[in-house]
Amino acid sequence: MKDERAKRIAEFIAPLRVAPGSKVRLAEDFDPGHRAGIADKEQGQELLRTGVALLADYQRRLAAQGSHGVLLCLQALDAGGKDGTIRHVMSGVNPQGVRVANFKVPSAEELGHDYLWRYACRLPGRGEIGIFNRSYYEEVLVVRVHPELLARQGLPDRPGKALWRRRYREINDWERYLTDNGFRIVKLFLNLSRQEQRVRFLKRIDVPERNWKFSAADVRERASWDAYQAAFSAMLSATSTAWAPWYVVPADHKWFARASAAAVLAHTLIELDPRYPEVDDAAREELLLARKQLESEGPDGSSAR
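Note that the structure is predicted; figures quoted are calculated from it, not measured.

Conventions and cut-offs
Residues numbered from 1 in each chain as written. Predicted model: local features only at pLDDT ≥ 70, side-chain atom pairs only at ≥ 80, totals over all residues. Heavy atoms only, no water. Helix = DSSP H or I, 4+ residues; strand = E, 2+ residues; numbered from the N terminus. Buried < 20%, exposed > 50% of the residue type's maximum accessible area, 1.4 Å probe, protein only. Contact = heavy atoms within 4.5 Å. Areas by Shrake-Rupley, 256 points an atom, 1.4 Å probe, with all protein chains shown as cover. Lys, Arg positive; Asp, Glu negative; His and termini not counted. Charge placed at Lys NZ, Arg CZ, Asp CG, Glu CD. Phe/Tyr/Trp six-rings, centres within 6.5 Å; stacked < 30°, edge-to-face > 60°. Salt bridge = Lys/Arg side-chain N within 4 Å of Asp/Glu carboxyl O. Axes fitted to C-alpha atoms, helices over the stretch in contact; angles between N-to-C directions. Parallel < 35°, antiparallel > 145°, perpendicular 65-115°, else oblique. Left-handed = near helix turned anticlockwise from the far one by under 90°. Patch = residues over 30% accessible without salt bridge, like charges linked within 9 Å, V, L, I, M, F, W, Y side chains within 5 Å. Expected span 1.5 Å × (residues − 1). Core = buried A, V, L, I, M, F, W, Y, C linked by side-chain atoms within 4.5 Å. Pairing = 2+ DSSP bridges.

> Looking at this model, I keep getting lost on the overall build of the chain. Mind explaining?
Across its full length, the chain holds 13 helices and 5 strands. With the principal axes as the frame, the chain shows a C-alpha extent of 75 × 50 × 40 Å. Across the 305 residues of the chain, 45% fall into the buried class. Across the chain, every contact between residues at least 6 apart in sequence was considered, and the portion connecting residues at least 24 apart equals 81%. Of the accessible surface of the chain, which amounts to about 16700 Å², a share of 50% is contributed by carbon and sulfur atoms. If the 47 positive side-chain charges of the chain are averaged to one point and the 41 negative ones to another, these points end up 5 Å apart.

What follows is the structure, given as structure tokens:
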């Protein structure tokens, strides 16, 4: 049953995976409205519930084993659904085993270090799932679209076109290093269409309870839509590797994006296959002695259950 379930999940997410070494043209290769033949939202929510249950089970095993960690990198344009994805996909896990990091404008201290330093400081530990709500990939996305931001980074050399190729290589090497040391990297790009982003922005303006989510800067960034699409395409092409592949998640339907994200994360944990530790004979003997002592403290005839 487990093998069949794992096979179904693998088949479901296969079209979302960016093949390492492939040349991505985002607008042509991935449809933001794709639903994988799922009929409706209700069916998608049932898939999400299955994924959440799987994650809860495997997270307990991951924490108990304590030898691996998982890092989930979420990238998307504004209104892409990152917060909602985290809230729904991680709804069944133990909060003690999950850490979420949001990265805003770098502080003076952070700018005084290399560009990966602040991300390294927030990595998960063994037995944990870490989530980067936006990640180090901002350093080849927003910084590439707005190169004036490089001036604050204090780089020793004048930035040129080679900078992005170098950063892709550095990120790939860093992810390989983390993977070799027991940390799996799960990378999801929530692919939102321009039209759907417009609709979501309008809802944030029109619905009072959502006003706090809206910023005029979000609309200004829409003017750079084509530049962001080019930057995303280049990033996906250069940094989807065998050890840390990208998954492009169609995000126009929130329910499908959440079900897909849960499936990719569950697939990663199933592949890791964490196990509950087995105690040796000496430890088992201690357990039996402890049981006898606890039983002796109870009323006559009482049961441990």
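> Before we go on, may I ask you to explain the packing of aromatic side chains in this structure?
Under the criterion given, the structure shown has 13 aromatic pairs. With a centroid separation of 6.4 Å and an interplanar angle of 50°, the aromatic rings of Tyr-119 and Phe-132 are classed as tilted. Highlighted residues: Tyr-119 in helix H6 (residues 117-120) and Phe-132 in strand E3 (residues 129-133), separated in sequence by 13 residues. Here Tyr-119 matches Phe-132 in class, with each residue buried. Between Phe-132 and Tyr-136, the aromatic rings sit 6.4 Å apart at their centres with planes inclined by 85°, giving edge-to-face as the arrangement.

> Looking at this structure, I do not really get the pattern of salt bridges. What am I missing?
Side-chain pairing between opposite charges can occur once the charged atoms of the two side chains come close. Scanning the model with the defined rule gives 16 salt bridges in all. A salt bridge links Arg-166 to Glu-170; the nearest nitrogen and oxygen atoms lie 3.4 Å apart. With a gap of 4 residues between them, Arg-166 and Glu-170 both fall in helix H8 (residues 162-180), about one helical turn apart. A relative accessible area of 34% means that Arg-166 is categorised as partly exposed. Arg-200 is paired through a salt bridge with Glu-196; the nearest N and O atoms lie 2.9 Å apart. With Arg-200 and Glu-196 both in helix H9 (residues 194-206) and 4 residues apart, the pair spans about one turn of that helix.

> Could you clarify how one ought to interpret the packing of helix H3 (residues 41-65) against helix H12 (residues 254-272) in this entry?
Following both chains from N to C, one finds H3 and H12 inclined at 30°, their axes separated by 8 Å at the closest point. By the criterion of interaxial angle, the relationship of H3 to H12 is roughly parallel. The handedness of the crossing between H3 and H12 is left-handed. Within the contact between the two elements, H3 uses Lys-41, Gly-44, Leu-47, Leu-48, Gly-51, Leu-54, Leu-55, Tyr-58 and Leu-62 and H12 uses Trp-255, Arg-258, Ala-259, Ala-262, Leu-265, Ala-266, Leu-269, Ile-270 and Leu-272.

> Got a minute to help me understand a positive patch on the surface in this structure?
Together, Lys-41, Arg-87, Lys-203, Arg-210, Lys-213 and Lys-254 line one region of the surface with positive charge. Mapped onto the elements, Arg-210 comes out in the loop between H9 and helix H10 (216-222).

> Is there a simple way to explain the environment of Ala-63 in this structure?
Within the fold, Ala-63 resides in helix H3. In this structure the C-alpha to C-alpha distance between Ala-63 and Asn-102, which are 39 residues apart in sequence, comes to 23 Å.

> Where do I start with H8 in this structure?
Between its first and last C-alpha, H8 extends 27 Å over 19 residues, near the 27 Å set by a 1.5 Å rise per residue. Here the buried face of H8 lies against H6, helix H7 (142-145), strand E4 (183-191) and helix H11 (225-239).

> Sorry if this is basic, but what is going on with the nonpolar core here?
Soluble globular proteins tend to bury their nonpolar side chains together. One finds Leu-55, Val-70, Met-90, Ile-129, Ile-131, Leu-188 and Leu-269 to be the most contacted residues of the largest nonpolar core, which totals 41 residues. Considering every element that reaches this core, the biggest residue donor is H12, with 11 residues. Among residues more than four places away in sequence, those in contact with Leu-269 are Leu-55, Tyr-58, Leu-62, Val-70, Ile-129 and Pro-274. Listed in part, the 38 residues of the second largest apolar core include Phe-132, Tyr-136, Leu-163 and Ala-231.

> What exactly am I supposed to notice about a negative patch on the surface here?
Negative charge collects at one region of the surface, where Asp-280, Asp-281, Glu-285 and Glu-286 lie side by side. By the element assignment, Asp-281 lies in helix H13 (residues 281-296).

> Looking at this structure, how should I read the pairing of strand E1 (residues 69-76)?
For a regular strand, side-chain orientation follows a simple rule: the groups alternate between the two sheet faces. In terms of residue burial, E1 counts as a mostly covered element, since 8 of its 8 residues are buried. Of the two faces of E1, the one carrying Gly-69, Leu-71, Cys-73 and Gln-75 and the one carrying Val-70, Leu-72, Leu-74 and Ala-76 are both buried. Looking at chain direction, E1 and E4 are connected through 8 bridges and run parallel. Bridge pairing in E4 links Gln-75 to Phe-189. Judged from the 5 bridges that link them, E1 and E3 form a sheet pairing that is parallel. From the neighbouring strand, Cys-73 faces E3, where its bridge partner is Phe-132.

> What should I look at first to understand the sheet that holds E4 in this one?
One key point about sheets: their strands pair by backbone hydrogen bonds, in either a parallel or an antiparallel sense. Here 5 strands make up an open sheet; going across it, the order is E2-E3-E1-E4-E5 and the pairing parallel. Strand pairing shows two members of the sheet lacking a second neighbour, strand E2 (98-102) and strand E5 (246-250), which therefore form its edges. Strand-to-strand twist across the sheet, computed as the mean angle between neighbouring axes with direction ignored, equals 20°. The sheet contact formed by E4 and E5 spans 5 bridges and is parallel.

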